[in-house]
Every structure is written in C-alpha cells, then in structure tokens.
Amino acid sequence: MGVKGVNSPRDQEPSAIRVEIGELALDGFRADPERVSAAFEHELTRLVRLHGVPLAADGPLSVDALSALPPLPAGLSARRLGQELARVVHEGLSGHGEVSR
C-alpha cells in the first residue's frame with residue numbers, strides 16, 4: 001500500500017493524495033467483490049478528502065500491511081462491507097493499528 005501526497009507550490013498541504021492498494025483479502029465474506037470494491041473506493045476517497053492521511057503527514061509513505069485492526073461482521077452487504085472496510089483502512093492510515101513498512 002502506498003500513500004503519496006503531492007505538494008502544491010503555494011503551501012505545505014498536499015494538493016493530491018494517491019492511495020494504491022495492491023490487494024484486499026476478503027476471507028469469510030460472501031459479498032460481490034466488485035460492489036465491495038466500488039463502495040470501498042468511494043468511502044475511502046470521502047474519508048481521505050475529509051480527514052487526510054495522518055501517517056503521510058511527513059511525506060510519502062509506503063505500507064506493506066495494516067494489522068491489529070478491528071474485525072468486521074461477516075454478514076454485511078457488499079456496500080456496507082466496502083464502507084466499513086474503508087473506515088478500518090483509514091483508521092490504520094490514521095495511526096491506529098500496526099503498520100508494516
């Protein structure tokens with residue numbers, strides 16, 4: 001997973017943030033992966049726009065894995081699973097959980 005902020009020349013705040021996720025493993029869920037992915041992308045985009053990516057505040061960040069994050073209930077709909085998964089990933093990128101670099 002990579003998180004990169006692109007600084008604008010006028011200030012120190014990033015003008016763009018790019019999050020690249022190589023794989024989301026959804027073991028134990030029966031939801032449509034494409035719908036989960038779409039909901040995940042939409043919610044993670046919303047959270048990053050609203051709150052940024054605190055772990056990347058000092059510059060580009062590359063993360064191999066996020067762990068020690070809370071489990072998700074197996075019976076969620078595809079949309080809800082994508083939203084909850086995005087929230088969990090954003091929490092990890094906000095400094096909660098364990099980050100492997």
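Heads up: these notes are all about the structure in this document.

About the cut-offs
Residues numbered from 1 in each chain as written. Predicted model: local features only at pLDDT ≥ 70, side-chain atom pairs only at ≥ 80, totals over all residues. Heavy atoms only, no water. Core = buried A, V, L, I, M, F, W, Y, C linked by side-chain atoms within 4.5 Å. Buried < 20%, exposed > 50% of the residue type's maximum accessible area, 1.4 Å probe, protein only. Helix = DSSP H or I, 4+ residues; strand = E, 2+ residues; numbered from the N terminus. Contact = heavy atoms within 4.5 Å. Axes fitted to C-alpha atoms, helices over the stretch in contact; angles between N-to-C directions. Parallel < 35°, antiparallel > 145°, perpendicular 65-115°, else oblique. Left-handed = near helix turned anticlockwise from the far one by under 90°. Expected span 1.5 Å × (residues − 1). Arc of directions from axis to C-beta. Polar contact = N/O pair within 3.5 Å; in protein donor to acceptor, adjacent residues only side chain to side chain.

Side note on the nonpolar core
1) Next: Within the largest apolar cluster, 9 residues are counted, these being Phe40, Leu44, Val48, Val53, Ala56, Leu85, Ala86, Val89 and Leu93.
2) Next: Elements represented by at least two residues in this core include exactly helix 1 (33–51) and helix 2 (78–93).
3) Next: Per element, the largest residue contribution to this core is 4 residues, and it comes from helix 2.
4) Next: Once you skip the residues sitting within four places of it in the chain, Leu85 turns out to touch Leu24, Leu26, Phe40 and Leu72.

Focus on the packing of helix 1 against helix 2
Angle between the axes and distance between the axes: these two values describe a pair of packed helices.
1) Next: As a packed pair, helix 1 and helix 2 sit with axes 7 Å apart at the nearest point and diverge in direction by 40°. By the angle between their directions, the pair helix 1 and helix 2 is classed as oblique. Crossing geometry of helix 1 relative to helix 2 is assigned as right-handed. For the pair helix 1 and helix 2, the contacting residues are Arg35, Val36, Ala39, Phe40, Glu43, Leu44, Arg46, Leu47, Val48 and His51 in the first and Ala78, Arg79, Leu81, Gly82, Gln83, Leu85, Ala86, Arg87, Val89 and His90 in the second.

Quick notes on the side chain of Gln83
1) Next: Mapped onto the secondary structure, Gln83 falls in helix 2.
2) Next: Exposure remark for Gln83: the relative accessible area of 17% places this residue in the buried category.

Observations regarding helix 1
1) Next: Over its 19 residues, helix 1 runs 26 Å from end to end, which matches the ideal 27 Å to within 8%, given 1.5 Å per residue.
2) Next: For helix 1, the complete set of buried residues consists of Val36, Ala39, Phe40, Glu43, Leu44, Leu47 and Val48. Buried residues of helix 1, viewed axially, fall in a sector of 160°; they line one side. In helix 1, the exposed residues that point more than 90 degrees away from the buried face are Glu34, Arg35, Glu41, His42 and Arg49.
3) Next: For helix 1, the N-terminal cap is Asp32; the gap from its side-chain oxygen to the backbone nitrogen of Glu34 is 3.2 Å.
4) Next: Once helix 1 finishes, Gly52 follows within two positions and takes phi at roughly 75°, a positive value.

Remarks on helix 2
1) Next: The end-to-end C-alpha distance of helix 2 is 22 Å, a good match for the 22 Å that 16 residues give at a rise of 1.5 Å each.
2) Next: For helix 2, a buried count of 12 out of 16 residues is recorded, marking the element as mostly surrounded by other parts of the structure.
3) Next: Gly95 lies just past helix 2 and shows a positive phi near 105°.

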